[in-house]
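Fold and contact review
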Amino acid sequence: MQITKEKKIEMLRSMLLSRQFEDKLTELCKIEGKIPGMMILCTGQEAVGSGVCAALAPEDIIISNHRSHNHLLARGADPNALMAEIYGKRTGCNKGKSGTLHLAVPEVNALCTTTVVGGGPPIAVGTAFAQQYRKEESVTVCFFGDGAADEGSFHEALNLASLWRLPVIFVCENNLYAGAQRYEEHTKVKDIADRAIAYAMPGEVVDGNDVTAVYRAACKAREIAVSEKGPTLIECKTYRCHGHGEADLQLYQPKDEIAAWVEKCPIDKLRDEALSEGLISNDAYEEMNRKMNEIVENAVRFAEESPFPSPEEALEDVFVSSRIS
Amino acid sequence: MNQLGMGQAVNQALREEMMRDSGVFIAGEGIGVGIMESPMLPTFGLLKDFGPERVKDTPVSEAAIAGLAVGAAAAGLRPVVEILFSPFFTLASDMIVNHAAKLRYLSGGKSTFPLVVRIKNASGHGAGCQHSHNLEAWAAHCPGLKVVMPSTPADAKGLLKSAIRDDNPVIFIENMALYFQPGPVPDEEYLTPIGKAEIKRQGKDVTVVAWSNMVGLALRAADQFSQEGVEVEIVDVRTLAPLDKETILASVRKTGRLVVIHEANRTGGFAGEISAIVMEEALASLKAPLRRVTGPDIPVPASPPLESFYIPNEENLISAIREII
Ligand SMILES: Cc1ncc(C[n+]2csc(CCOP(=O)(O)OP(=O)(O)O)c2C)c(N)n1
């Protein structure tokens with residue numbers, strides 16, 4: 001499958017925005033009292049969300065997890081609203097109710113971000129069911145980590161999705177760690193993609209640091225899903241370059257392992273490819289980088305200048321005020 | 001008016017709402033083809049009449065069933081899913097407690113989750129504690145959930161129709177013993193509002209607050225007191241959340257005496273909540289200490305004499321009333 005120049009540039013831009021956004025967060029969360037709560041980043045894993053989302057149509061749905069920033073930005077969420085939410089501000093995409101961990105952006109069909117490990121797959125079954133029920137030509141993507149594949153809910157969801165041939169793409173972001181546990185310490189099977197066999201669906205391992213490989217796999221899975229052939233499990237092998245959260249000192253991650261993976265940066269890889277293929281000039285790349293930086297700086301300014309919600313706003317949004325006809 | 005059991009009334013509600021709104025579908029274990037086929041059961045005949053696209057028999061996968069509801073609701077359908085027996089709520093509870101109840105709030109009011117989880121309770125049949133544990137107080141403890149527990153076939157029908165049209169997640173708990181106790185159900189279409197108690201019997205001397213299967217028992221006890229010249233008022237709360245505390249308080253202010261009865265065990269049961277509300281807001285009206293009549297703090301035992309010991313009966317209620325008049 002040929003990937004167009006535009007697609008490659010789109011993915012490069014998407015990864016860069018995500019990296020700039022998170023590099024900024026790394027910086028901000030070191031400032032005492034600036035950002036509330038935990039800070040969980042996907043630095044180095046950008047090829048997964050950016051590659052998958054590049055294969056999607058606007059009506060497709062994504063379900064995300066605690067490591068969501070890249071998924072949401074790649075899906076087109078407004079960086080200002082995301083940053084403001086991370087700051088806990090009223091102008092945040094969820095009015096300060098979700099913070100960094102549960103960002104929901106229904107405007108771009110990012111319908112649910114759940115931090116319950118394994119919470120996403122059953123919900124993806126539901127959204128994909130709705131798509132099938134309405135005979136839409138759309139799919140649901142569910143992002144989750146290697147740790148989530150240890151949860152029972154993952155297995156129930158794969159079985160049901162396969163049984164009903166639901167249009168869902170299960171994207172396992174295997175970043176080699178679940179908390180402080182290295183992959184071999186929590187799962188026996190070598191490839192999580194092999195679990196697809198147990199549910200009679202296609203399973204594919206891809207290089208999760210190669211955005212074009214991820215994109216190709218997602219296009220294929222999407223094609224299978226919309227032609228009513230059911231779900232696919234894609235395992236993207238990648239690496240968690242930061243700790244589980246920014247407070248994590250990474251004492252259990254070997255330094256040379258981290259260094260080796262930092263070398264495999266997915267952004268550098270695509271940039272080098274684009275440069276050598278003449279898709280982009282050095283200047284144009286630098287310009288793009290500067291642009292992304294500007295977007296992030298604007299988002300930070302927007303967040304900082306935005307007001308906090310007033311305390312009583314905590315009481316809003318629990319229920320829909322009843323609209324019974 | 002027709003004489004119907006509660007299962008038949010639920011069946012009518014499902015039928016009418018499925019006919020009215022093509023976004024309504026039902027799913028659960030054995031709701032299409034079950035091991036028991038009886039016209040007294042809630043989903044009897046629905047597969048035949050609505051087809052397998054809208055009547056989804058699921059695998060034994062409570063997390064996936066509840067996730068199906070959450071996702072499908074997020075994507076715009078109106079799922080009505082069934083949890084076979086109330087203790088299996090625990091297997092579905094992550095999806096209900098952490099997702100259905102919270103995702104709207106987390107979205108800052110952007111998303112809605114119009115779903116119904118029908119839960120059957122099997123007490124009274126010697127099925128034992130893993131089929132008969134009343135968990136309504138757990139559900140009512142979760143902000144974001146509505147909890148409905150009808151006592152009559154007519155209420156069950158009207159409340160379920162309201163629940164299906166409600167834009168919030170509703171937990172609808174059916175006591176299976178009531179499937180086989182016919183009662184009048186209006187012929188014409190009607191809705192029963194969620195959050196409104198009903199005085200099932202007027203009285204001036206004692207208030208009994210009850211729901212589900214305890215209402216019928218309370219009515220019988222009241223008849224007996226009536227012969228002695230003591231008039232018992234019976235408040236059927238019908239929904240625990242939202243709770244119609246005004247009706248409870250007005251009744252207590254009138255009678256000055258209160259007994260709350262439920263089948264669930266005592267500690268942490270919902271009678272405690274109602275008692276606290278009355279103490280906070282109507283203490284001055286109380287002429288005697290209030291009383292709770294509940295199951296004891298034990299798992300529901302299986303053997304008939306043991307189970308009868310567990311489930312509150314008329315005698316328990318009568319002696320509680322005698323203590324305070
Ligand atoms: C049900 C549940 N158990 C435990 C946790 C705590 N927790 C948060 S993230 C995490 C590790 C998840 O690992 P993985 O799924 O591989 O995702 P990653 O963090 O590596 O992206 C754990 C255990 C949780 N959020 N939810």
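Up top you'll find the structure we're talking about.
Below or above, wherever it landed, is the structure these notes cover. Just so we're clear, the structure is a prediction, and the values are computed from it rather than from any experiment.

Some details on the overall build of chain A
Secondary structure summary: chain A contains twelve helices and eight strands in total. Its C-alpha atoms give chain A a radius of gyration of 19 Å, within 12% of the compact-globule value 20 Å for 325 residues. With the C-alpha coordinates aligned to their principal axes, the bounding extent of chain A is approximately 60 × 50 × 40 Å. Here chain A, with 325 residues, has 60% of them falling under the buried criterion. Intrachain contacts of chain A at a sequence separation of at least 6 include 75% that bridge at least 24 residues. A total accessible area of about 13,200 Å² is found for chain A, and carbon and sulfur atoms account for 53% of it. Both charge centroids of chain A, one from 35 positive and one from 49 negative side chains, sit 2 Å from each other.

Digging into the packing of aromatic side chains
For the structure shown, the criterion picks out eleven aromatic pairs over all chains. Where F144(A) meets F154(A), the ring centres are 5.4 Å apart and the plane angle is 55°; that geometry is what we call tilted. Taken together, the positions of F144(A) in strand β3 (residues 140-145) and F154(A) in helix α6 (residues 152-163) put the pair ten residues apart, joining distant regions of the chain. Plain terms: the ring middles of Y177(A) and Y239(A) are 6.0 Å apart, the flat faces sit at 80° to each other, and that makes the pair edge-to-face. With Y177(A) in strand β5 (residues 177-178) and Y239(A) in the loop between β8 (232-237) and α10 (255-263), this residue pair connects regions lying 62 residues apart in the sequence. Each member of the pair, Y177(A) as well as Y239(A), carries the same accessibility label: buried. Of the aromatic side chains, those joined through ring pairs into one cluster are F129(A), Y133(A), W164(A) and F25(B).

Focus on unusual backbone geometry
Glycine aside, residues mostly have negative phi, and peptide bonds are mostly found in the trans state. Going from A241(B) to P242(B), the amide bond is cis rather than trans, its omega being -5°. Tracing the sequence through the fold places P242(B) in the loop between β12 (239-241) and α10 (245-255). Its identity is not glycine, yet K95(A) carries a phi of approximately 55°, on the positive side. Inspection of the secondary structure assignment puts K95(A) in the loop between α4 (79-87) and β2 (110-113).

What about the sheet that holds strand β11 (residues 232-236) of chain B?
All names here are of chain B. In spatial order, the strands read β9-β11-β10-β13-β14; together these five strands make up an open sheet with mixed pairing. Edge positions in the sheet fall to β9 (198-201) and β14 (291-295), since each has one partner strand and no second. For this sheet, the mean inter-axis angle between neighbouring strands, taken without regard to orientation, is 25°. Taken together, the five bridges between strand β10 (residues 206-210) and β11 define a ladder with parallel strand orientation.

What counts and how
- Residues numbered from 1 in each chain as written.
- Chains lettered and ligands numbered in written order.
- Predicted model: local features only at pLDDT ≥ 70, side-chain atom pairs only at ≥ 80, totals over all residues.
- Heavy atoms only, no water.
- Helix = DSSP H or I, 4+ residues; strand = E, 2+ residues; numbered from the N terminus.
- Rg over C-alpha atoms; globule rule 2.2 N^0.38 Å.
- Buried < 20%, exposed > 50% of the residue type's maximum accessible area, 1.4 Å probe, protein only.
- Contact = heavy atoms within 4.5 Å.
- Areas by Shrake-Rupley, 256 points an atom, 1.4 Å probe, with all protein chains shown as cover.
- Lys, Arg positive; Asp, Glu negative; His and termini not counted.
- Charge placed at Lys NZ, Arg CZ, Asp CG, Glu CD.
- Phe/Tyr/Trp six-rings, centres within 6.5 Å; stacked < 30°, edge-to-face > 60°.
- Pairing = 2+ DSSP bridges.
- Axes fitted to C-alpha atoms, helices over the stretch in contact; angles between N-to-C directions.

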